[in-house]
Protein chains: 2
Amino acid sequence: MTMDKTLLAGSTAMLILKLLDGQDMYGYQMIAELAKRSDDTFHLKAGTLYPLLHGLEKKKLLESYEKQTDSARIRKYYRLTPKGKKHLHEKTEEWEVFSHAIHQVLKGGLCCEHI
Amino acid sequence: MTMDKTLLAGSTAMLILKLLDGQDMYGYQMIAELAKRSDDTFHLKAGTLYPLLHGLEKKKLLESYEKQTDSARIRKYYRLTPKGKKHLHEKTEEWEVFSHAIHQVLKGGLCCEHI
DNA sequence: TAATATATATCGACAATCTATATAAGGAGG
DNA sequence: CCTCCTTATATAGATTGTCGATATATATTA
């Protein structure tokens, strides 16, 4: 199914933070990992990811460091900061409230019709 | 809780269509009804709703008609068209896939880590 | 050596929401 | 009677988030 890209709005940052909660990763890896974990539902574009990472770093939610791999190639890894972890927690709760509310409306709303 | 407004992106139209699935409504009523059905999570602004309604009408997903109420005031009611109903159905399925995918990622993704 | 995959980055376009503002009618309170 | 608040519809401008296109460079494979 073709995902409506606008649905992602606002939740992309949360997903990135979640990916980094547990292990450090570099940008390109995140794109693949997100696709994998979401069963190929999310295909984050590079043009979306990199500006987002820079923004999160500026907000001190992430820290980056360069790491030389076996193949002489330098990759830029990102690490979740304590502040980022806190932010992730908040956003996750927000998401729960939000998706529950949507679910509520889609359920028919009949439950609230005559209280 | 202050809802991140961007989370709504893309799903507002679906919610409006859902509200009209069952009964015709006028704009102002939709704002109140959506807040009610979502347990005060969604507070749609007039500046968001009306352009959206006009857009949905232009796309033939909605039809409008004016109705004189008891109080001499004329209200503009909206009705869901068959095309709109079909659209609602599609968007609802899309939402299910999307929210499931988010849930999957937030779950930790550990389940997919070593398959 | 040429094509493809990996890897990071920026810019302009576009879509969706918000705030602010305009307009106007009805009801409540002073 | 007049003012304020709520109801009700509407539009313009600002902001934000995502995408497509493009640029650059290295590594792998054919």
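This is a predicted model, so every value here is computed, not measured. (Residues numbered from 1 in each chain as written. Chains lettered and ligands numbered in written order. Predicted model: local features only at pLDDT ≥ 70, side-chain atom pairs only at ≥ 80, totals over all residues. Heavy atoms only, no water.)

(A) Quick peek at the interface of chain B and chain A. If you look at the interface, chain B gives 38 residues, while chain A gives 38 residues. Across the interface of chain B and chain A, roughly 3700 Å² is buried in total on both sides, 70% from carbon and sulfur atoms. The greatest single-element share of the side of chain B that touches chain A, amounting to 13 residues, is contributed by helix α4 (residues 82-106) of chain B. Its residues assigned to classes, the side of chain B that touches chain A comprises 17 nonpolar, 12 polar and nine charged. (Contact = heavy atoms within 4.5 Å. Buried area = accessible area lost by both parts, 1.4 Å probe. Helix = DSSP H or I, 4+ residues; strand = E, 2+ residues; numbered from the N terminus. Nonpolar A, V, L, I, M, F, W, Y, C, P; charged D, E, K, R; others polar.)

(B) Broad picture of the relation of the copies chain B and chain A. Superposing chain B onto chain A requires a rotation of 180° together with a translation of 0.0 Å along the rotation axis, leaving an RMSD of 0.1 Å. Such a turn and shift between the copies fits a two-fold axis. Residue A9 of chain B, judged by its C-alpha, is the member of chain B lying nearest the rotation axis, at 3.1 Å. (Least-squares fit on C-alpha atoms with pLDDT ≥ 70 in both.)

(C) Spatial organisation of the protein's contact with DNA strand C. In the region of DNA strand C, 23 residues are neighbours, and Y28, Y50 and R75 of chain A together with T12 and T48 of chain B sit closest. At the protein interface, 69% of the atoms of DNA strand C within 4 Å belong to sugar or phosphate. Y26 of chain A has a polar side-chain atom sitting 3.0 Å from a phosphate oxygen of DNA strand C. Taking H54 of chain A, its side chain carries an N or O atom lying 3.1 Å from a phosphate oxygen of DNA strand C. When contributions to the surface near DNA strand C are tallied by element, the ones reaching two or more residues are α2 (27-37), α3 (46-58) and β3 (74-80) of chain A together with α3 (46-58) of chain B. (Near = heavy atom within 4 Å. Polar contact = N/O pair within 3.5 Å; in protein donor to acceptor, adjacent residues only side chain to side chain.)

(D) Representation of the protein's contact with DNA strand D in the model. Close to DNA strand D lie 24 residues, the nearest being T12 and T48 of chain A together with Y28, Y50 and R75 of chain B. What you see for DNA strand D is that sugar and phosphate hold 69% of its atoms within 4 Å of the protein. In this structure, a phosphate oxygen belonging to DNA strand D sits 2.4 Å away from a side-chain N or O atom of T12 of chain A. A distance of 2.4 Å separates a phosphate oxygen of DNA strand D from a polar atom in the side chain of T48 of chain A. Secondary structure elements with two or more residues in the surface near DNA strand D: α3 of chain A together with α2 (27-37), α3 and β3 (74-80) of chain B. Grouping the amino acids of the surface near DNA strand D by side-chain chemistry returns nine nonpolar, nine polar and six charged.

(E) Spotlight on the sheet that holds strand β2 (residues 62-68) of chain A. Residue and element names in this part refer to chain A. Here we have three strands laid out as an open sheet, ordered β1-β3-β2, and antiparallel in their pairing. Only two strands of the sheet have a single neighbouring strand rather than two, namely β1 (25-26) and β2. Judged from the two bridges that link them, β1 and β3 form a sheet pairing that is antiparallel. Across the sheet, residue Y26 finds its bridge partner in β3, namely Y77. Relative to the sheet, α3 contacts β2 and β3, its axis offset from that of β2 by approximately 120°. (Pairing = 2+ DSSP bridges. Axes fitted to C-alpha atoms, helices over the stretch in contact; angles between N-to-C directions.)

(F) Geometry of a positive patch on the surface. A surface patch of positive charge is lined by K59, K60, K83 and K86 of chain A. According to the relative accessible area criterion, K86 of chain A is exposed, its value standing at 56%. (Patch = residues over 30% accessible without salt bridge, like charges linked within 9 Å, V, L, I, M, F, W, Y side chains within 5 Å. Areas by Shrake-Rupley, 256 points an atom, 1.4 Å probe, with all protein chains shown as cover. Salt bridge = Lys/Arg side-chain N within 4 Å of Asp/Glu carboxyl O. Lys, Arg positive; Asp, Glu negative; His and termini not counted. Charge placed at Lys NZ, Arg CZ, Asp CG, Glu CD. Buried < 20%, exposed > 50% of the residue type's maximum accessible area, 1.4 Å probe, protein only.)

(G) View of helix α1 (residues 12-19) of chain B. Counting buried residues in α1 of chain B gives eight out of eight residues, a clear majority hidden from the surface. Listed in full, the buried residues belonging to α1 of chain B are T12, A13, M14, L15, I16, L17, K18 and L19 of chain B.

(H) Examining the pairing of β3 of chain A more closely. Strand direction decides the pairing type here: β2 of chain A and β3 of chain A, joined by seven bridges, are antiparallel. Opposite Q68 of chain A, over in β3 of chain A, you have I74 of chain A as the bridge partner.

(I) Quick look at unusual backbone geometry. Residue and element names in this part refer to chain B. A positive phi angle is found at D39, which is not glycine, with a value near 60°. Within the secondary structure, D39 sits in the loop between α2 and α3. A positive phi angle, close to 65°, is found at D40, a residue other than glycine. In this fold, D40 is placed in the loop between α2 and α3. Note on D40: relative accessible area 51%, which makes it exposed.

So yeah, pure geometry; function would need other evidence.
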